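# Structural description and commentary
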Amino acid sequence: MKKINFSTELKKLRPFNFIILLVAGCINAFGVTIFLAPVNLYDSGVSGTSILLSQITPEYLSLSFFLLLLNVPIFLFGLKKQGITFTIYSLFTVLVYSICSWLITDVLPVDVSMASPLAGEDLLLCALFGGIISGVGSGLTIRSGGAIDGIDVLAVTFAKKAGLTVGTFVMIYNVILYIICGFIIESWILPLYSIVAYSAGLKTVDFIVEGFDRSKSVMIITDKADDISHALIEAFGCGTTKIAATGGYSNADKTVIYFVVNRFQIARMRNIVLNIDSKAYVTVSDVADVMRSSD
């Protein structure tokens with residue numbers, strides 16, 4: 001097994017990332033302690049498990065205690081698979097999340113014992129805003145190279161062995177968690193609203209990680225590749241890639257043009273292509289991220 005070069009890995013740590021992770025941990029703590037926990041709603045993953053344990057154990061075993069108790073061993077367990085940089089970023093964020101949760105619930109003059117200070121006992125508002133705000137914190141953490149919840153590490157480690165995708169593993173964990181919560185509190189209202197919070201958080205993470213204006217990849221199969229490529233470059237001011245191909249049925253030589261646009265440019269792109277070649281075959285797909293070399 002390849003040994004980890006600690007000195008090399010530590011050089012990859014970036015001070016700016018720690019600033020973002022500091023903000024992310026504070027945001028996540030705010031969403032959970034101000035909106036979710038006060039009305040007994042449950043976050044997803046290890047965070048949701050920590051909320052449940054803090055509710056059914058003595059008061060001195062707080063949410064922040066369980067966040068550290070459960071998350072730290074999981075991230076250390078995943079050190080070899082995830083790498084030192086990821087582990088340090090994640091542990092730092094969990095530490096910030098735990099400290100901020102403790103400050104809000106036990107130190108600051110904020111009463112979160114009976115209801116949300118901002119949304120009262122309105123479960124829908126608490127679920128939506130708690131999910132969205134904690135989703136922002138989770139998304140910022142992922143963008144900065146870490147994770148705020150150990151369930152991600154468990155999913156990456158065990159999902160493949162169980163014949164599941166990472167997303168399916170996380171979903172199954174959360175479904176089981178909410179079912180257990182329902183049996184323990186003898187009510188299904190709060191677990192159901194927790195699913196609303198989980199869905200809002202999941203969608204928010206997608207927006208933060210992938211961007212609100214997700215790019216689209218376009219593949220154009222045409223006999224007039226040069227004309228279409230030139231027109232697209234002129235119209236959008238960016239390059240295209242031409243790929244040689246052969247028709248599977250006709251065995252004729254074709255050219256595939258690969259092009260990336262945003263969703264507002266699709267209609268214009270389609271008009272340009274079809275005006276030049278009405279028989280062109282065009283496919284449009286979502287792109288999770290676009291990275292360009294700085295060279």
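All of the points below concern the structure found in this document. Just so you know, these numbers come straight off a predicted model, no measurement behind them.

What follows covers the side chain of S101. Relative to the helices and strands, S101 resides in helix 6 (residues 84–107). Judged by its relative accessible area of 1%, S101 falls in the buried class.

Turning our attention to the pattern of salt bridges. One pass over the full model with this rule turns up two salt bridges. With a closest N to O distance of 3.3 Å, K254 and D223 form a salt bridge. Taken as a pair, K254 in strand 3 (residues 253–262) and D223 in the loop between strand 1 (215–222) and helix 11 (225–236) lie far apart in primary sequence, 31 residues in all. With a shortest N-O distance of 2.7 Å, D226 and K242 are connected by a salt bridge.

Of all hydrophobic cores here, the largest spans 42 residues; its most connected members are V32, L41, Y42, F75, Y97 and F169. Broken down by secondary-structure element, the contributors of at least two residues to this core are helix 2 (15–36), helix 3 (45–56), helix 4 (63–77), helix 6, helix 7 (123–143), helix 8 (151–158), helix 9 (166–185) and helix 10 (189–210). Looking at this core, the element that brings in the most residues is helix 6, giving six residues. If sequence neighbours within four positions are ignored, F75 has contacts with F86, T87, S90, L91, V94, A147, I148, D149, G150 and V153. Ranked by size, the runner-up nonpolar core spans 14 residues in total, among them V218, I228, F236 and F259.

The subject of this paragraph is the packing of aromatic side chains. One pass over the structure, following the stated rule, counts nine aromatic pairs. Residues F35 and F129 carry aromatic rings whose centres are separated by 6.0 Å and whose planes lie at 25° to one another, so their mutual orientation is stacked. Taken as a pair, F35 in helix 2 and F129 in helix 7 lie far apart in primary sequence, 94 residues in all. For F35, a relative accessible area of 5% corresponds to the buried category. A centroid spacing of 5.5 Å and a plane angle of 45° characterise the contact between F236 and F259, whose relative ring orientation is tilted. Of the two residues, F236 is situated in helix 11 and F259 in strand 3; the sequence distance between them amounts to 23 residues. F259 shares its class with F236; the two are buried. Feature note: the residues F18, Y89 and F92 constitute an aromatic cluster, connected by ring pairs. Looking at R268, its charged tip hangs above the ring of F236, at a distance of 5.2 Å from the centre.

At a minimum axis distance of 8 Å, the contact between helix 2 and helix 7 shows a crossing angle of 165°. On the basis of the axis angle, helix 2 is roughly antiparallel to helix 7. The element helix 2 and its partner helix 7 pack so that their crossing is left-handed. Taking contact as the criterion, the partners of I20, L21, A24, I27, N28, F30, G31, V32, F35 and L36 in helix 2 are, on helix 7, C126, A127, F129, G130, G131, I133, S134, V136, G137, S138, L140 and T141. Counted by class, the contact of helix 2 with helix 7 contains 14 nonpolar, eight polar and no charged residues.

On to the layout of surface pockets. Here the largest pocket defines a volume of roughly 670 Å³. Every residue lining the largest pocket is counted, 33 residues in all, and those nearest its centre are S138, I142, D152, L202 and V205. For the lining of the largest pocket, the elements supplying multiple residues, two or more each, are helix 3, helix 7, helix 8, helix 9 and helix 10. When grouped by side-chain class, the residues that make up the lining of the largest pocket number 14 nonpolar, 14 polar and five charged. Approximately 500 Å³ is the volume found for the second largest pocket. The wall of the second largest pocket is formed by 15 residues, among which A37, S54, T105, V112 and S113 lie closest to the centre. Put simply, the parts of the chain that give the lining of the second largest pocket at least two residues each are helix 3 and helix 6. The element that contributes the greatest number of residues to the lining of the second largest pocket is helix 3, accounting for three residues. The residue inventory of the lining of the second largest pocket, partitioned by class, reads six nonpolar, seven polar and two charged.

Calculation notes
Residues numbered from 1 in each chain as written. Predicted model: local features only at pLDDT ≥ 70, side-chain atom pairs only at ≥ 80, totals over all residues. Heavy atoms only, no water. Helix = DSSP H or I, 4+ residues; strand = E, 2+ residues; numbered from the N terminus. Buried < 20%, exposed > 50% of the residue type's maximum accessible area, 1.4 Å probe, protein only. Salt bridge = Lys/Arg side-chain N within 4 Å of Asp/Glu carboxyl O. Core = buried A, V, L, I, M, F, W, Y, C linked by side-chain atoms within 4.5 Å. Contact = heavy atoms within 4.5 Å. Phe/Tyr/Trp six-rings, centres within 6.5 Å; stacked < 30°, edge-to-face > 60°. Lys NZ or Arg CZ within 6 Å of the ring centre and 35° of its normal. Axes fitted to C-alpha atoms, helices over the stretch in contact; angles between N-to-C directions. Parallel < 35°, antiparallel > 145°, perpendicular 65-115°, else oblique. Left-handed = near helix turned anticlockwise from the far one by under 90°. Nonpolar A, V, L, I, M, F, W, Y, C, P; charged D, E, K, R; others polar. 1 Å grid on protein atoms, 1.4 Å probe; cavity = no way out; pocket = protein on both sides within 12 Å on 5 of 7 lines; lining within 4 Å. Points joined across faces, edges and corners; volume = space filled by probe spheres on them.

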